[in-house]
Amino acid sequence: MDLTQIMHTEYGKSVGECTKDELYRALVKYTCTLAEEKRKPYCGKKKLYYLSAEFLIGKLLSCNLINLGIYDSVKAELASHGRDLTELEEYENEPSLGNGGLGRLAACFLDSIASLGLPGDGIGLNYHFGLFRQVFRENEQTAEPDRWLTDTGWLRKTDTVYPIRLRNGTVQARMYDLAVIGYENCVNTLHLFDLEGVDEDIVGEGISFDKTDIAHNLTLFLYPDDSDENGRILRICQQYFMVSAAAQLILAEAEARGCRLYDLPDYAVIQINDTHPAMVIPELIRLLTERGLDTDDAIAAACGACAYTNHTILAEALEKWPIRYLKKAVPHLVPVMEILDDKVRRKYGGEETAIIDREDVVHMAHMAVHCSVSTNGVASLHTEILKKEALAPLYRLCPEKFNNKTNGITFRRWLLHCNPALTDFLTGHIGDGFRTDGEELRKLMAYRDDTTTLDGLMRIKSDSKKALADWLYRKQGVKCDPDSVFDIQIKRLHEYKRQQMNALYVIHKYLEIREGRLPERPVTVIFGAKAAPAYVIAQDIIHLILCLQTLTGDPAVRPYLQTVMVENYNVSAAEKLIPACDISEQISLASKEASGTGNMKFMLNGAVTLGTEDGANVEIHRLVGDENIYIFGDTSTVVTARYKAGSYSAKAYYEEVPMIRRAVDFIIGPELAKIGNPVRLRRLYDELTGKDWFMTFPDFADYVKTREKAYRDYGIRPEWAKKGLVNIAMSGYFSSDRTILEYNRDIWHLDRSPEQIHSK
Ligand code: 26V
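In this text, all values refer to a predicted model and were calculated from it rather than measured experimentally.

A. Local environment of the packing of aromatic side chains. Evaluated as defined, the whole model comprises 20 aromatic pairs. Between Phe129 and Phe221 the ring centres are 4.9 Å apart and the planes differ by 20°, which places this aromatic pair in the stacked class. Of this pair, Phe129 sits in the loop between strand E2 (120-125) and strand E3 (133-137) while Phe221 sits in the loop between helix H7 (214-217) and helix H8 (229-256), and the two are 92 residues apart along the sequence. As far as burial versus exposure is concerned, Phe129 and Phe221 are alike and both buried. Plain terms: the ring middles of Tyr505 and Tyr703 are 6.2 Å apart, the flat faces sit at 65° to each other, and that makes the pair edge-to-face. Of this pair, Tyr505 sits in helix H20 (residues 499-514) while Tyr703 sits in helix H30 (residues 696-714); the two residues are 198 residues apart in sequence, bridging distant segments of the chain. Put simply, the rings of Tyr50, Phe55, Phe109, Tyr743 and Trp748 touch in pairs and so form one group of aromatic residues. Here the basic side chain of Lys465 rests over the ring of Phe486, its NZ or CZ set 5.0 Å away from the ring centre. Sitting over the ring of Tyr714, Arg717 keeps its end group 4.3 Å from the ring centre.

B. Summary view of the packing of helix H27 (residues 658-667) against H30. Close contact between H27 and H30 brings their axes to 10 Å; oriented N to C, the two are set at 100°. Viewed along their axes, H27 and H30 adopt a mutual orientation that is roughly perpendicular. Two secondary-structure elements touch here, H27 through Met659, Ile660 and Val664 and H30 through Phe697, Phe700, Ala701 and Val704. Its residues assigned to classes, the contact of H27 with H30 comprises seven nonpolar, no polar and no charged.

C. Representation of the pairing of strand E5 (residues 155-166). As paired elements, E5 and strand E6 (residues 169-181) share nine bridges and run antiparallel to each other. Across the sheet, Tyr162 pairs through a bridge with Ala173, a residue of E6. The antiparallel pairing of E5 with E6 creates a hairpin that spans two residues between the two strands.

D. Inspection of the site of the ligand at higher detail. The local shell around the ligand holds 17 residues, among which His311, Asn407, Glu593, Ser595 and Gly596 are the closest. Between the ligand and His311 there is a distance of 2.6 Å, counted from an oxygen atom to a side-chain nitrogen or oxygen. Take Asn407: an N or O atom from its side chain is 2.9 Å from an oxygen atom of the ligand. Here the ligand, which alone exposes 590 Å², has 79% of that area covered by the protein. A breakdown of the residues in the shell around the ligand according to their chemical character gives eight nonpolar, seven polar and two charged.

E. Here's a closer look at the pattern of salt bridges. Tallied over the entire structure, the rule returns 58 salt bridges. A salt bridge links Arg83 to Glu87; the nearest nitrogen and oxygen atoms lie 3.8 Å apart. With a relative accessible area of 12%, Arg83 lands in the buried category. Take Glu87: its relative accessible area is 24%, and that puts it in the partly exposed class. We note a salt bridge from Arg147 to Glu200, for which the minimum N-O separation is 2.5 Å.

F. Summary view of helix H18 (residues 420-430). Of all the residues in H18, the buried ones are Leu422, Thr423, Phe425, Leu426 and Ile430. Burial along H18 is one-sided: seen end-on, the buried residues are contained in an arc of 165°. The exposed residues of H18 that point more than 90 degrees off its buried face are Asp424 and Gly428. On its buried face, H18 sits against helix H17 (411-417), helix H19 (451-476), helix H23 (598-604) and helix H31 (717-729). Among the residues trailing H18, Gly431 stands out with phi positive, at a value near 80°.

G. The arrangement of the nonpolar core in detail. Counting residues in each nonpolar core, the largest one holds 207 residues, and the members touching the most others are Phe193, Met279 and Val280. With 65 residues, the next largest nonpolar core counts Met565, Tyr648, Phe697 and Val704 among its residues.

H. Looking closely at the sheet that holds strand E17 (residues 583-586). The six strands lie next to each other as E16-E15-E14-E17-E18-E19, forming an open sheet whose pairing is parallel. Because the sheet does not close on itself, it has two edges, and the strands there are strand E16 (561-566) and strand E19 (630-631). In terms of strand pairing, strand E15 (residues 523-528) meets E16 through six bridges, oriented parallel. Residue pairing in the sheet places Gly528 in a bridge with Val566 of E16.

Thresholds applied
- Residues numbered from 1 in each chain as written.
- Predicted model: local features only at pLDDT ≥ 70, side-chain atom pairs only at ≥ 80, totals over all residues.
- Heavy atoms only, no water.
- Phe/Tyr/Trp six-rings, centres within 6.5 Å; stacked < 30°, edge-to-face > 60°.
- Helix = DSSP H or I, 4+ residues; strand = E, 2+ residues; numbered from the N terminus.
- Buried < 20%, exposed > 50% of the residue type's maximum accessible area, 1.4 Å probe, protein only.
- Lys NZ or Arg CZ within 6 Å of the ring centre and 35° of its normal.
- Axes fitted to C-alpha atoms, helices over the stretch in contact; angles between N-to-C directions.
- Parallel < 35°, antiparallel > 145°, perpendicular 65-115°, else oblique.
- Contact = heavy atoms within 4.5 Å.
- Nonpolar A, V, L, I, M, F, W, Y, C, P; charged D, E, K, R; others polar.
- Pairing = 2+ DSSP bridges.
- Near = heavy atom within 4 Å.
- Polar contact = N/O pair within 3.5 Å; in protein donor to acceptor, adjacent residues only side chain to side chain.
- Areas by Shrake-Rupley, 256 points an atom, 1.4 Å probe, with all protein chains shown as cover.
- Salt bridge = Lys/Arg side-chain N within 4 Å of Asp/Glu carboxyl O.
- Arc of directions from axis to C-beta.
- Core = buried A, V, L, I, M, F, W, Y, C linked by side-chain atoms within 4.5 Å.

Below is the structure:
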């Protein structure tokens, strides 16, 4: 790259004279040009479309430079002009077009699909405001709009516009494209549809807006609050807007490649990411009949092209739409859903596998299973639970459709980009094959007893902890001790993920320290979590954690125990936190976390997991063995049985276990009353003692014991470093490249041209 030339042409200035903004824009433009030069027209037959309401892509500049293979040269060239790439990385806005794991998974998958040279595009929505910006005020979360869309240029406005029919008239969907640059391989596209005529001025106080003004708000916000009827109808309109545009694009592209509609499955495979895009099925059927296919052919063509991924067994998260709402949003889709329901009922009878139930509610997951060729879970335990419990009646009807695809993460972002020191270290030891073949990391096992290697790993971890401490200080003025154990839990706030149990541990420890029982070594407990604005108990838990941050800031306590709540946790924050972690908290109630992907990112960066036998933790455990993970708590079998028996009494644990009572009573005790909001704290106390739906009390004693054991082991240095090494070495299985190869082998069946095959 000739930066001098570029800056001269763009701005008529030298590199030294350019502002950060000018430099950043020029680099984005340069990257996009290189990507377009690399893009090859697709001449094959079948193509994948990954449909998702969320793509949590994170910042793009550095990862794109890495994937283009020019990161080091660009960095060096900037440096030769006295400029720093880090400064531009920090300047970039993060597109937070997702809530958490599901959206981040979609982004990792796009990276792997392109890196493996597979023909596959993403399709989603161009939200003007991504996930809200979290600001802490008086120990509470407040939500502010996050307008990520600037004119920086990653997004390219296209001329493609599709009409979208809604009940109150037709709106227009314009397609914006974003290059998905594979690692030293091909370039695919993420298509984001946007409503023509969105009006950003209708945003009011915080993140409020008129939910009924569909013609102006449709793509304004990611996942708008759907706690009321208007919110839910907007959500349906948003989903329909996305899938109708997607279906029109898919059909247009397939026809251009020679598809004659009834043979759609030979030209397109549509992966439905959770049920949010499931309406693509009836929409395709509607469009295909409109274009002349008879109903049965249209159903066969649409269903033969679709595959469904389930991401949760939580009943409250499985989408069910009352016909009444659907009629208010997309009345023309209702007859198609009724036909599908009728066919299913005729074929199988039975209420529990029906698409539309007796209360006239559409079960989106049921529709997705019936009307597709594949249903997959996202970790082996999760898939087993789907088969045996959550979707058991459907599994009995069509067992051949069910399969597991354990999630993965892209090593490009979660190792090469976020931890360059570890990347170089690994390359020095085992070569650089691991960048495209995760299993190569196993070669590191040869060094498990090599003290120089273990020392090197400890140094890298210690440097990352120092860097995190600096960042936390710069970002939110918090000082923490990099020599303490960094114990980190970062993920969306949800009761099933049990941040409240971690907080109870902090209280338990705080009380011990107050009594003079000082821990062997200092610990910094770090949280990062956003809570849905309408999720009251989740807000209460954040409030408790923020109060604990204040309490453990007490000079008498802080040298031993510190609590840090990272404000506005997002992908960029994760990139700083993950390399610096010693202990990765993965403590969901067994059976509830479908997979988790943070657990994999921590493992890859040499942290040791403290977790339950849930989601992908089970597979991590199997890979690293008992010695290299801290497992505690009841198994999913016990948990499921306890739910079925209806025998759980939080009150009984509270009354019988003094350690639990003491920690829980503290929530409404005098110390917290001085700094906390009594309404929030009392509500949380009542919730825990009266219900504790996610069963923190039965696991608490084992959690405390196992956590203490991990802290003790942390002090036994070479052995601890060895645990980190084994975690890194065994993490290759969790490369999203492996996951995507499995999707392709079992579901998509796309051709990979020989020159696009790296190593496998
Ligand atoms: C959504 C909601 C929304 C309403 C309130 C309760 C609730 C509970 C859970 C969810 C999650 C919806 C789907 C989802 O994001 N699943 C996540 O997908 C990840 C990628 O597969 C996986 O790693 C996580 O375990 C799973 O929770």
